Amino acid sequence: MNKNKISVTSDNIFPIIKKFLYSDQEVFLRELVSNAVDAVVKLKTLIKLENLYDIVDNFQVKIIIDQKNSTLHILDNGIGMTQEEVNKYINQIAFSGAEEFIKKYKNLKDSNIIGHFGLGFYSSFMVSNKVIIFTQSYKKNASSIFWSCEGDPNFIMKEIEKRDRGTEIILSINEESKKFLEYDYILKLLHKYCKFMSVKICLSSKQDNQEKEIVINNIHPTWKKNPIQLNDKNYLDFYHELYTNQLEDPLFWIHLNIDHPFHLTGILYFPKIEKKIDIQKEKIHLYQNQVYITDNLEGVVPDFLSLLRGVIDSTDIPLNVSRSHLQSDPSVKNISKYITRKVADKLDAMFRKNREDFQNKWKDIKIIIEYGMISTQNFFDKAIKFFIFHTVDKNYFTLEELKNKIKEYQKNKEGKIVFLYSSDREKQYSYIQYAKDRFYEVLILDSPLSVHLIQKLELSYQDICFVRVDSDHIDKLIVSKKEKKINSDLSEKEKQDLKNLIESHLMENLQFSIKLEDLPIKENPFMIVIPEFLRRIREMNSTIGKDIVEKDKYYQLIINANHVLMKKILKEMSEEKRKTIIQEALNLTLLSKGLLYGKDLTNFISMRFKDLIQE
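All of these numbers come straight from a predicted model, not from anything done at the bench. (Residues numbered from 1 in each chain as written. Predicted model: local features only at pLDDT ≥ 70, side-chain atom pairs only at ≥ 80, totals over all residues. Heavy atoms only, no water.)

For the chain, the count of helices and strands is 18 helices and 21 strands. Summarising the internal contacts of the chain: among those between residues at least 6 apart in sequence, 69% fall at separations of at least 24. Here the chain displays about 32100 Å² of accessible surface, and carbon together with sulfur accounts for 49% of that area. (Helix = DSSP H or I, 4+ residues; strand = E, 2+ residues; numbered from the N terminus. Contact = heavy atoms within 4.5 Å. Areas by Shrake-Rupley, 256 points an atom, 1.4 Å probe, with all protein chains shown as cover.)

Pasting the structure below:
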């Protein structure tokens, strides 16, 4: 049986390139400028390898906008092409000159050559009716070559009068793509894709017989430099160069630099996050050899670090053929693990070196750390050593420090160490005071991720549990060795009668469950709590947009059976007076919890004003 090869020809590949190869037309500019930079880098490499020291030049790439003739020019004074090379690299689609060059000089380190797939040049036909190439090889005996194509399989190629070394590509921009002749738009694209390319890039515009020219790139970006040579100002200046709209400085940064088993450099900045987990407008940028690729680093950077800003530059992150999207690959997982480890090591070093400074930064970085601990086990295992809990008294403890401090006197009836916490110091003030009166430590856990972190910690450490201070009376949350058992002043029948009376007088719109407790006589007559497990269900469902239980059903009304008011309610013979006493006490309790609103709140306030007038 004969084997045949599938043939891909220019007849059928042009429509694909024009419509489907690149998701954004604008990428053509990156591809053509990248090719031009490659041409210069190749020549600079050959000068060293072949001792071509007679070639001395101001190496650069130039982009010229010619609105009068509707053309865009990309020029370089790099290696140029012979007629044979034009045949090889231009007339044979998907044959990469950069790839062949790297193979030929495979032992060459830090070549900084960008190209790979050989399709970049043809992206120019997405925006052009016609593309012209003028090229002159660095080889002295080579002729200058003219090449022209109108986006179909036919092309013209011929020798022409000798030109200066390098390549000029001229795009005749089509009617649908006239925006690529606008100076501000091209400048924006060059800043996006070419801002840190390794060869000087100039933008020039011809208008009204005048030409203006600016340099648009920084050929030595900070992430490519040795950290030993950099100071804080260098890092801060680079941050604001990356994010020109950012007025605030970052808190700190991590300089990444690894050569084995993969090559990766970069800088990650920690901005002030506090309690917000917003979709970042200004994300981490991915570069390959100083060429911007994307800010969608899914898979490369763990989700929790997507809250950071900065740059990652790696030639070992696989891209699709258009260099627009990342491809799944085992090396990506290794890179992600490396970045996670470097961030964890940096945070650990900061914690150990200057704990006070670390604590001062804590409110601005804790949500990133919480997110990482919840989502990435490797990070959790490292972060548990430097994750710090802060208390209502502004003290800071690691998990182990806190366990050792409270293990003797903050336990529940199952013997677990109880981590009391508040999510809102003001709203839960009275409950915090109950705990502080007993000299208990109360933590502040007020981020939107706290409930998820609590679940993770309880699964990882079976000897602890987290309980919010308002989830029950403090003496029910923690078993005190000193507290004596409180006897009840009411009989079981009286308790049941009391419960029935109060239940019958609850407002129609309240669906609280009711529980009687024998509490100290000095405690309030009523207390409204949300049992810990119900509140967690509610909070976890709210993070995914669900609320499977009606709001009021979460609340529990605790009745202090020993309060003097309870005996008064039982002894009161007037149904109307009894109802008033219960209603007044309930309203005050609801008001203290922020649960009295609408008609009930209006009526309550109105009655209080009437009482004042009568007094």
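A few words on helix α8 (residues 355-375). With 21 residues, α8 ought to run about 30 Å at 1.5 Å a step, yet its terminal C-alpha atoms sit only 25 Å apart, falling short of that. At Lys 363, α8 is bent by approximately 70°, the largest bend along its length. (Expected span 1.5 Å × (residues − 1). Bend = angle between axes of the 7 residues up to and from the residue.)

The sheet built from 5 strands is open, its strands ordered β9-β10-β13-β11-β12 with mixed pairing. Edge strands, defined here as strands with exactly one partner in the open sheet, are β9 (252-258) and β12 (291-294). Along the sheet, successive strands turn relative to each other by an average axial angle of 20°, direction set aside. Both strand β11 (residues 284-288) and β12 contribute to a ladder of 3 bridges, which runs antiparallel. Bridge pairing in β12 places Leu 286 opposite Thr 294. Relative to the sheet, helix α6 (residues 232-242) contacts β9, β10 (264-270), β11 and β13 (309-313), its axis offset from that of β10 by approximately 85°. (Pairing = 2+ DSSP bridges. Axes fitted to C-alpha atoms, helices over the stretch in contact; angles between N-to-C directions.)

Our focus in this paragraph is the sheet that holds strand β16 (residues 417-422). Strand order across the open sheet formed by 3 strands is β17-β16-β18, with parallel pairing between neighbours. Among the strands making up the open sheet, the edge pair consists of β17 (442-444) and β18 (464-468). Within the sheet, the average angular offset between the axes of one strand and its neighbour, ignoring direction, is 40°.

Position of Lys 212 relative to the elements: it lies in strand β8 (residues 210-215). You can call Lys 212 partly exposed: its relative accessible area is 43%. Through-space distance from the C-alpha of Lys 212 to that of Ile 64 is 9.7 Å; in sequence the pair is 148 residues apart. If we ignore the near neighbours within four places in the chain, the residues touching Lys 212 are Tyr 183, Leu 203, Ser 204 and Ser 205. (Buried < 20%, exposed > 50% of the residue type's maximum accessible area, 1.4 Å probe, protein only.)

So, on to the pairing of strand β2 (residues 71-76). Among the 6 residues in β2, 5 count as buried, and that is most of the element. Strand direction decides the pairing type here: strand β1 (residues 61-66) and β2, joined by 6 bridges, are antiparallel. Among the inter-strand pairings, Lys 62 is bridged to a residue of β2, identified as Leu 75. The loop that links β1 with its antiparallel partner β2 comprises 4 residues; one of these, Ser 70, has a positive phi angle of about 55°. Taken together, the 6 bridges between β2 and strand β6 (residues 166-173) define a ladder with antiparallel strand orientation. Along β6, the bridge assignment pairs Thr 71 with Ser 172.

Okay, the confidence of the model for the chain next. Per-residue confidence for the chain gives a mean pLDDT of 83, with 83% of residues at or over 70. Between residues 1-8, whose pLDDT stays under 50, and residues either more than four places distant or in other chains, the model counts 2 contacts. (pLDDT = per-residue confidence, 0-100.)

For the rest of this paragraph, the subject is the nonpolar core. Across soluble globular proteins, you tend to see nonpolar side chains buried next to one another. Ranked by size, the top nonpolar core spans 70 residues in total, and within it Val 33, Val 61, Ile 63, Leu 72 and Phe 121 carry the most contacts. When neighbours within four sequence positions are excluded, Val 33 is seen to be in contact with Val 61, Ile 63, Leu 190, Cys 194, Met 197 and Ile 201. Grouped together as the second largest cluster of nonpolar side chains are 61 residues, Ile 273, Leu 297, Ile 312 and Ile 339 included. (Core = buried A, V, L, I, M, F, W, Y, C linked by side-chain atoms within 4.5 Å.)

Our focus in this paragraph is the packing of aromatic side chains. One pass over the structure, following the stated rule, counts 33 aromatic pairs. Arranged with centres 5.5 Å apart and planes meeting at 75°, the rings of Phe 351 and Phe 358 form a pair that is edge-to-face. Like Phe 358, Phe 351 is buried. A connected cluster of aromatic rings, assembled from ring pairs, spans Phe 304, Phe 351, Phe 358, Trp 362, Phe 379, Phe 386, Phe 387, Phe 389, Phe 419 and Phe 466. Above the ring of Phe 146, the side-chain terminus of Lys 158 is found at 5.4 Å from the ring centroid. Here the guanidinium or amino end of Lys 456 rests over the ring plane of Phe 380, the centre of that ring lying 5.1 Å away. (Phe/Tyr/Trp six-rings, centres within 6.5 Å; stacked < 30°, edge-to-face > 60°. Lys NZ or Arg CZ within 6 Å of the ring centre and 35° of its normal.)

Once that is clear, we can look at the side chain of Thr 71. Residue placement: Thr 71 occurs in strand β2. A relative accessible area of 8% means that Thr 71 is categorised as buried. Residue contacts for Thr 71: discarding those within four places in its chain leaves Ile 64, Ile 65, Asp 66, Ile 170, Leu 171, Ser 172 and Leu 181.

A word on the packing of helix α14 (residues 492-505) against helix α17 (residues 575-592). Between two packed helices, what matters for the description is the angle formed by their axes and the separation of those axes. Look at α14 against α17: their axes get within 10 Å of each other, and the N-to-C directions meet at 75°. Of the possible angle classes, the one that applies to α14 and α17 is roughly perpendicular. Residue-level inspection shows Leu 501, Ile 502 and His 505 of α14 in contact with α17, the latter providing Glu 575, Arg 578, Lys 579, Ile 582, Gln 583 and Leu 586. The residue makeup of the contact of α14 with α17, split by class, is 4 nonpolar, 2 polar and 3 charged. (Parallel < 35°, antiparallel > 145°, perpendicular 65-115°, else oblique. Nonpolar A, V, L, I, M, F, W, Y, C, P; charged D, E, K, R; others polar.)

Taken as a whole and judged by the stated rule, the model has 27 salt bridges. Measuring nitrogen to oxygen at the nearest pair gives 3.0 Å for the salt bridge that ties Glu 26 to Lys 192. One end of the pair, Glu 26, is in the loop between α1 (10-21) and α2 (27-49); the other, Lys 192, is in helix α5 (residues 183-193), and 166 residues separate them in sequence. For Lys 192, a relative accessible area of 35% corresponds to the partly exposed category. Connected via shared salt-bridge partners are Asp 472, Lys 476, Lys 515 and Glu 517. (Salt bridge = Lys/Arg side-chain N within 4 Å of Asp/Glu carboxyl O.)

End to end, α2 covers 32 Å across 23 residues, agreeing with the expected 33 Å (1.5 Å per residue, within 8%). Extensive coverage of α2 is indicated by the burial of 19 of its 23 residues. Where α2 ends, the next residue or the one after it, Asn 51, has phi of about 55°, a positive value.

In this section: the environment of Lys 436. In this structure, Lys 436 sits in helix α11 (residues 429-437). For the pair Lys 436 and Asp 393, spaced 43 residues apart in sequence, the C-alpha separation works out to 9.7 Å. Setting aside chain neighbours within four positions, we find Lys 436 in contact with Val 392 and Asp 393. Side-chain polar atoms of Lys 436 contact the side chain of Asp 393, separated by 2.9 Å. (Polar contact = N/O pair within 3.5 Å; in protein donor to acceptor, adjacent residues only side chain to side chain.)

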